[in-house]
Every structure is written in structure tokens, then in C-alpha cells.
Amino acid sequence: MKVYEQVARLLSGYAVDTVFGLLGDANMYVCSAFEAAGGRLVRTSHEAGAVSMADTYARMTGRWGVAAVTHGPGLTNALTPLVEAARFPSPILLITGDTPAEATHMQRLDIAALCASVGVTHERIHRPDTVRRDFARAVQRLKSTNAPVVLNVPLPVSLSDVDSPDTVSILSAAWTPSAPDTDEEALDAALGLAASASRPVVVAGRGVIESGAEASVLDLVEALDAGLFTSGLGLGLFTGHPRHLGIMGSIGHDEATQVLADSDCVIAVGASLNKYTSFGGELFEGKSLIQIDRDPVKLGWFVTPTCVVAGDARAVTALMADNIREGQLPEKKQWRQRCHEASAAMAQWTPPDDRTGTDTLDIRVATQHLDALLPPGCAIVSDVGRFIAGSWPYITKATPGKFTAMTGFGSIGLGLAGGIGAAVSDVSDVTVVLVGDGGFMMNVSELATAVRERLPMVIVVYNDGAYGAEYQKLVNEGFPAHHSYNEWPDIARTAAGMGCRALTIRKPEDFESVGEGITRLSGPLVLDIRLDPTHHLNF
């Protein structure tokens, strides 16, 4: 048996059933052996796509994702999504390998140094007789950091013989990161602030989803008569709750803005409170701020809370809810009604400044039409760009654990491949991708992967023919906006040429045929939604 065969067996032994990859010298033997043994090899068009797919596969399933790329340019091509996964973070095992030990080898690269430069763990298969030990060390790194690990299987080692490979038993590929024990003094301080608040709100983030804390957070909300927000990555939580006020921060809903301004205490659960959620802390001025998170490093990372509680979101909020109920606080009927009215207004809201034109749509109107057609429980993956301000606040079909966004590194262009990884994970019958035209064209080649795999996807391209953030910054600095414009090939025709069904959406009635297309998906459907580049929504 060769080392590459043993690595493939170890993947299967850890219950890995899917690998995303683009073949080259360093990884083709491992990938071939894995597929020959019955594993699923998803062939990608670009190495960056392989890593983004493994990233969202991990986010959606709670298991680690696996990608495989070749040495040299294969690894450097994968660098941006690798940093995205590290910053998010997301547990990915990225298999690559050193070139033969030849100083003049064209693709030579110091893999360990490259990983160190971007803050990613590097592990190595050292010898044919240490494969199992070295592989297990990489897995333990994944478990302890919940972040990417690059596994270097040098090509000369990969092609070596293994004298007596170990028998591989089926091991778990999923885990739950441990949480610190809750400090009683910190909990008492948080309870004192929460109990004394007269106008409290709760903001729940991704940590609530990861710890399964939605019910306990709702118990706390009811005990406090609080309003209820989510962070951007908490989208999907609390749908239908009568005091749900949408996303907190720079892309918050108009109807909820004043409620947040008038609150006197914010309880953040599993939310990092980055600059988009908190406006750099401005939203919390004059308020008490309680921050609860499993990871102590995240406490106070972006803003300075009044008090912090390190611990599991479900356990901490359950304790707080029980203590608040035992205290029998007076009801906050007026505040509860205020939050209820704002939530109801959000459900009925339409843009008062609708910018729909003769052949372009207001992005908010377009998203509301789209949302009405999406099936409940669909998986949603978003790229980044100015389109999120006109889309995320108006999506109601997201569900906890099935919405994610490629926001870790702030790079456009990762959303399409990320959506493919989510579709392969099979957590939903339909996967929706939200992406701007620039991000879509950056990795349009991955449409071939979606078509080849016959993935039921709706790829929503918000097409304003411009780089949105750059548009606004240029205008603000007195430059002509046209510098940010870009002329693309017709997106719908491009998608159709790659084997997708594609529709161009210029006015509300164009959505009439979209619903039928979603109900009978047999592969990717691309929607080219035309927007006016001069209609800018800040975020």
C-alpha cells in the first residue's frame, strides 16, 4: 500500500465522504484513491473554489470540510478563501504537498512559511511510518482550534510504500467546541444590569445557532419583555416572533432604528459586535452592554462592554432567564408594545423612496419579490458587497444554521463557490446564492461545477454594472463615478452558455416565471437582476 492510499483510508475512517478538489501532482493520487474507495470527489474549476466549498460545507454540516489542491500555484490560488476560513473561522483540512526536494523545481514553495504568514496551522506527514500519527495530529488541531489546517503530504512521501498500515476504525468527524465554566460573579453582574433595565433589547449572533440556544434566548427575552435583534450572521433566528426587529447595525431596518436608539440595555449573545453590528460602539453609547460568548477572546474585541460573561450561550441565557423569573420583575408593557408595533410595521414595510425604473429594479423591492418565492428552509449563502444592505434585511426565509456569508476576510468573489459547497452538503432541497455582479464574474467558472453536479441552486446576481463600495468612495472623494463601472458580457447568456437555466429580471412582473423555475429545479437557475448603480444603500 502507498502512503496516498493510507491517507485516503484515514479520511474515510474519520467519516469524511466528500472532498473538493482540483487535481495536480501533489494531490491526484490521494483524490483518486479516495474516489476509488467510494468517496465523493467534487471537481472544481479553480483551487479557490475547492476551499470555499469545503468552508461552507463545514459551516452547514458542523463537520470539517476537506479540500485538496496541488503544490505551488495550486496552494497560492487557494490562499484568499483559506484566509476567509481562518478569519471566520471554519474547520477545513486542506491537503497539499511539497514538491520533490529539488532547488530548481518550478513549483517549489515553503508551505509552512506561507501558512504562518496568514495565521493558518501547518501539519506534515513526515515519514511513511508516521502517517496515522501525523494525520491524527492534524485532526486534533482542527478540533482544538475549529479553524483550517493545511496538511502537507510531500509528494515523495505520498508515493512511498507503507509496510504495515494500521487498520482504520470509523471515528467521528464532528465535535462541539468546549465552553468555559461560567463565572458566578460575572453572571451576577449581568443579572443586575438586565434586571434594572427598563427598555432592554437582546441581539443574538452566530454563537446562538452553534450552541442551539434559540429557545433559551427566547426565554430570556420573555422574562425581560425585551426587543429582539440578530447580527447579520444570526439571520434566520426568531422568525415570526412578535418582537423580532431584524438585523442590528448598519443594515438594520428603518422601522427598528428608533427602538434601538431608545433602549437602555443591550444583551449580546454569541455576537462579536463588529463595526457593522455596533457602528464601532456608537449604537451602545449611554446604554449598559452585556456580552456573552463561548470564546473569551471575542469578549470586548470590537467594543468595551459594561460586563462580560464567558460561557455557553444556551447555559448562560437559561440561568439568566430562570433568575429573572424568580425575581418577579414588573412587566414592561409599554416597551413590549413598542417593540411589537415596530416588528409589525417591518412586516408591512415597502420602500417609501422606491427607485424602480423603466428597466431596473430597486434592490429592496427585488429582494422582497424574491423572498416571497423562496421555499421555507432553503440554505442561503451570501457573497459580500454593497448589495447586502438591500438584500439581507428583507430575507425572511432564512433558518438558523442554513444562512452564512463569506464575511471573514472581506473578499468578494467567494459566494458562488460557497453556495456550491452548501448545496453539496445537502442540508436543504434548494440553495440560494446572493452575489453582486463583480463577485459573480470573479469566479463564474464554478458554474461548470454546479452544472456538472446538477445542484438545485438559485444564483441571484444583483447586477448594477459597478463596484458598489468603490462607487460611493470615489463619489465621496470628488471623483467621477464612472471609474467604478464595468461592462460585463450578458450574465444570463453567459450562464445559459455554461448549461444553466437563466432569466433576466428588469421589472417586478419578471418574477412571475421565477417561482415556477424554483419548483422544478434540476440544476442551477441564475437570476440576472438589473439595478441602477446610482442607487446606493450604505452599510
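It should be emphasised that the depicted structure is a prediction, and the values quoted were computed from it without experimental measurement. (Residues numbered from 1 in each chain as written. Predicted model: local features only at pLDDT ≥ 70, side-chain atom pairs only at ≥ 80, totals over all residues. Heavy atoms only, no water.)

Quick look at the overall build of the protein chain
Phase 1 of the analysis: For the protein chain, the count of helices and strands is 22 helices and 18 strands.
Phase 2 of the analysis: Its C-alpha atoms give the protein chain a radius of gyration of 24 Å, near enough to 24 Å, the size a compact globule of 539 residues would have.
Phase 3 of the analysis: Reported as C-alpha extents along the three principal axes, the dimensions of the protein chain are approximately 75 × 60 × 45 Å.
Phase 4 of the analysis: Looking at the protein chain as a whole, 55% of its 539 residues are labelled buried.
Phase 5 of the analysis: Accessible surface, the protein chain as shown: approximately 21,600 Å² in total, 50% of it carbon and sulfur. (Helix = DSSP H or I, 4+ residues; strand = E, 2+ residues; numbered from the N terminus. Rg over C-alpha atoms; globule rule 2.2 N^0.38 Å. Buried < 20%, exposed > 50% of the residue type's maximum accessible area, 1.4 Å probe, protein only. Areas by Shrake-Rupley, 256 points an atom, 1.4 Å probe, with all protein chains shown as cover.)

As for the packing of helix α1 (residues 3–13) against helix α2 (residues 28–36)
Phase 1 of the analysis: Two numbers describe how α1 lies on α2: the axes approach to 8 Å, and their chain directions differ by 50°. By the angle between their directions, the pair α1 and α2 is classed as oblique. Here the hand of the crossing between α1 and α2 comes out right-handed. Within the contact between the two elements, α1 uses Tyr-4, Glu-5, Val-7, Ala-8, Leu-11 and Ser-12 and α2 uses Tyr-29, Val-30, Ala-33 and Phe-34.
Phase 2 of the analysis: Of the residues belonging to the contact of α1 with α2, the class tally is eight nonpolar, one polar and one charged. (Axes fitted to C-alpha atoms, helices over the stretch in contact; angles between N-to-C directions. Parallel < 35°, antiparallel > 145°, perpendicular 65-115°, else oblique. Left-handed = near helix turned anticlockwise from the far one by under 90°. Contact = heavy atoms within 4.5 Å. Nonpolar A, V, L, I, M, F, W, Y, C, P; charged D, E, K, R; others polar.)

Digging into the packing of helix α11 (residues 214–224) against helix α14 (residues 313–327)
Phase 1 of the analysis: It is the contact of α11 with α14, at a shortest axis distance of 8 Å, that shows an interaxial angle of 25°. The pairing of α11 with α14 is recorded here as roughly parallel in orientation. In this structure, α11 meets α14 at a crossing whose hand is left-handed. Here Ser-216, Val-217, Asp-219, Leu-220, Ala-223 and Leu-224 of α11 lie close against α14, whose contacting residues are Ala-313, Arg-314, Thr-317, Ala-318, Met-320, Ala-321, Ile-324 and Arg-325.
Phase 2 of the analysis: Split by residue class, the contact of α11 with α14 holds nine nonpolar, two polar and three charged.

Thoughts on unusual backbone geometry
Phase 1 of the analysis: In this structure, Pro-89 follows Phe-88 across a cis peptide bond, with omega equal to -5°.
Phase 2 of the analysis: Tracing the backbone shows Pro-89 in the loop between α5 (79–87) and β4 (92–96).
Phase 3 of the analysis: One non-glycine residue with positive phi stands out, namely Phe-238, at about 65°.
Phase 4 of the analysis: As for its placement among the helices and strands, Phe-238 is situated in the loop between β8 (227–230) and β9 (244–247).
Phase 5 of the analysis: Judged by relative accessible area, which is 2%, Phe-238 ranks as buried.
Phase 6 of the analysis: Of note, the phi angle at Arg-454 is positive, near 55°, even though the residue is not glycine.
Phase 7 of the analysis: One can find Arg-454 in the loop between α19 (447–452) and β16 (457–463).

Comments concerning a nonpolar patch on the surface
Phase 1 of the analysis: A contiguous nonpolar patch, built from Val-297, Trp-301 and Phe-302 and spanning about 370 Å² of accessible area, is present on the exposed surface.
Phase 2 of the analysis: The class for Trp-301 is exposed, based on a relative accessible area of 59%. (Patch = residues over 30% accessible without salt bridge, like charges linked within 9 Å, V, L, I, M, F, W, Y side chains within 5 Å. Salt bridge = Lys/Arg side-chain N within 4 Å of Asp/Glu carboxyl O.)

Here's the deal with the sheet that holds strand β2 (residues 40–43)
Phase 1 of the analysis: Taken in spatial order, the six strands line up as β2-β1-β3-β4-β6-β5 in an open sheet, and their pairing is parallel. Of all the strands in the sheet, just β2 and β5 (121–124) have a single pairing partner and so form its edges. Across the sheet, the mean angle from the axis of one strand to that of its neighbour is 25°, orientation sign disregarded.
Phase 2 of the analysis: The pairing of β5 with strand β6 (residues 149–152) spans four bridges and is classified as parallel. For Thr-121, the partnering residue across the bridge sits in β6 and is Val-149.
Phase 3 of the analysis: In this fold helix α7 (residues 131–145) packs onto β4, β5 and β6, with an angle of close to 165° to the strand it touches most, β5. (Pairing = 2+ DSSP bridges.)

Details of the domain arrangement of the protein chain
Phase 1 of the analysis: With domains assigned, the protein chain is organised as domain 1 (1–157), domain 2 (182–346) and domain 3 (361–528).
Phase 2 of the analysis: One C-alpha centre belongs to domain 1, the other to domain 3; they are set 29 Å apart.
Phase 3 of the analysis: With 24 residues of domain 1 at the contact, the number on the domain 3 side is 30 residues.
Phase 4 of the analysis: Buried surface at the junction of domain 1 and domain 3, summed over both partners, amounts to about 2,000 Å²; 63% is from carbon and sulfur atoms. (Domains from an automatic or database assignment. Buried area = accessible area lost by both parts, 1.4 Å probe.)

With respect to the nonpolar core
Phase 1 of the analysis: In this structure, Phe-20, Leu-94, Phe-440, Leu-447, Met-457, Ile-459 and Val-526 are the most contacted members of the largest nonpolar core, which totals 40 residues.
Phase 2 of the analysis: Residue contributions to this core reach at least three from each of two domains, namely domain 1 (1–157) and domain 3 (361–528).
Phase 3 of the analysis: With residues near it in sequence (within four places) discarded, Ile-459 still touches Leu-416, Val-433, Val-435, Phe-440, Leu-447, Pro-524, Leu-525, Val-526 and Leu-527.
Phase 4 of the analysis: Core analysis: the second largest hydrophobic core is formed by 35 residues, Leu-235, Ile-363, Ala-405 and Leu-503 among them. (Core = buried A, V, L, I, M, F, W, Y, C linked by side-chain atoms within 4.5 Å.)

Details of the pairing of β5
Phase 1 of the analysis: Only one face of β5 is covered, namely the one carrying Thr-121 and Glu-123; the face carrying His-122 and Arg-124 has none of its residues buried.
Phase 2 of the analysis: For the handedness criterion, the β-α-β arrangement of β5, α7 and β6 is classed as right-handed. (Right-handed = clockwise from strand over helix to strand, strands pointing away.)

Digging into the layout of surface pockets
Phase 1 of the analysis: Taken as a whole, the second largest pocket holds about 550 Å³ of empty space.
Phase 2 of the analysis: Sorting the residues of the lining of the second largest pocket by element identifies β9, α15 (333–348) and α16 (363–373) as the ones contributing at least two each.
Phase 3 of the analysis: Among the elements that line the lining of the second largest pocket, the one with the most residues is α15, at five residues.
Phase 4 of the analysis: For the lining of the second largest pocket, a count of residues per class yields 14 nonpolar, 12 polar and two charged.
Phase 5 of the analysis: For the lining of the second largest pocket, the domains that each give at least three residues are domain 2 (182–346) and domain 3 (361–528). (1 Å grid on protein atoms, 1.4 Å probe; cavity = no way out; pocket = protein on both sides within 12 Å on 5 of 7 lines; lining within 4 Å. Points joined across faces, edges and corners; volume = space filled by probe spheres on them.)

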